[in-house]
Amino acid sequence: MTDYAMNHGSVLEHEAARALLEQTLKIFAGALTAAEARRLAAELPSPASDWIASADHGETFGPDEVYARVRDRLGLEMGVAREHAQVAVAAIVRELSPETRQ
């Protein structure tokens, strides 16, 4: 997944891509219920599964809030935060079964 993020985003260093994925997936997981997070984590490789499972869950927010939280947590401009968040979520979607994608 880190390689996907590096190839499809603007982050060129492996550790920076990994940190970006970790923070973004934890933020994204916050909008999931605990059951949704467990289902998602069960299909992802480690460490992404750990990031999803260990996040605080159950808040209600949509994509714009994910982008804003990525911006704030990582100190990015909104356009860059949006791009990174979209790449991070695309990286995990590639790993999921069609049922979980729905």
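What you are looking at is a predicted structure, and each value in this text was computed from that prediction instead of being measured. (Residues numbered from 1 in each chain as written. Predicted model: local features only at pLDDT ≥ 70, side-chain atom pairs only at ≥ 80, totals over all residues. Heavy atoms only, no water.)

1. What about helix H5 (residues 63–74)?
Link 1 in the chain: End to end, H5 covers 16 Å across 12 residues, agreeing with the expected 16 Å (1.5 Å per residue, within 8%).
Link 2 in the chain: Here H5 has its buried residues at Val-66, Tyr-67, Ala-68 and Val-70.
Link 3 in the chain: Buried residues belonging to H5 abut helix H2 (14–29) and helix H6 (78–93).
Link 4 in the chain: Gly-75 occupies a position one or two residues after H5 and carries a positive phi of about 65 degrees. (Helix = DSSP H or I, 4+ residues; strand = E, 2+ residues; numbered from the N terminus. Expected span 1.5 Å × (residues − 1). Buried < 20%, exposed > 50% of the residue type's maximum accessible area, 1.4 Å probe, protein only. Contact = heavy atoms within 4.5 Å.)

2. Thoughts on the layout of surface pockets
Link 1 in the chain: By volume, the largest pocket is sized at about 260 Å³.
Link 2 in the chain: Lining the largest pocket are 13 residues, with Leu-32, Glu-36, Leu-40, Thr-100 and Arg-101 positioned closest to its centre.
Link 3 in the chain: Secondary structure elements with two or more residues in the lining of the largest pocket: helix H3 (34–43), H6 and helix H7 (98–101).
Link 4 in the chain: When its residues are assigned to classes, the lining of the largest pocket shows seven nonpolar, two polar and four charged. (1 Å grid on protein atoms, 1.4 Å probe; cavity = no way out; pocket = protein on both sides within 12 Å on 5 of 7 lines; lining within 4 Å. Points joined across faces, edges and corners; volume = space filled by probe spheres on them. Nonpolar A, V, L, I, M, F, W, Y, C, P; charged D, E, K, R; others polar.)

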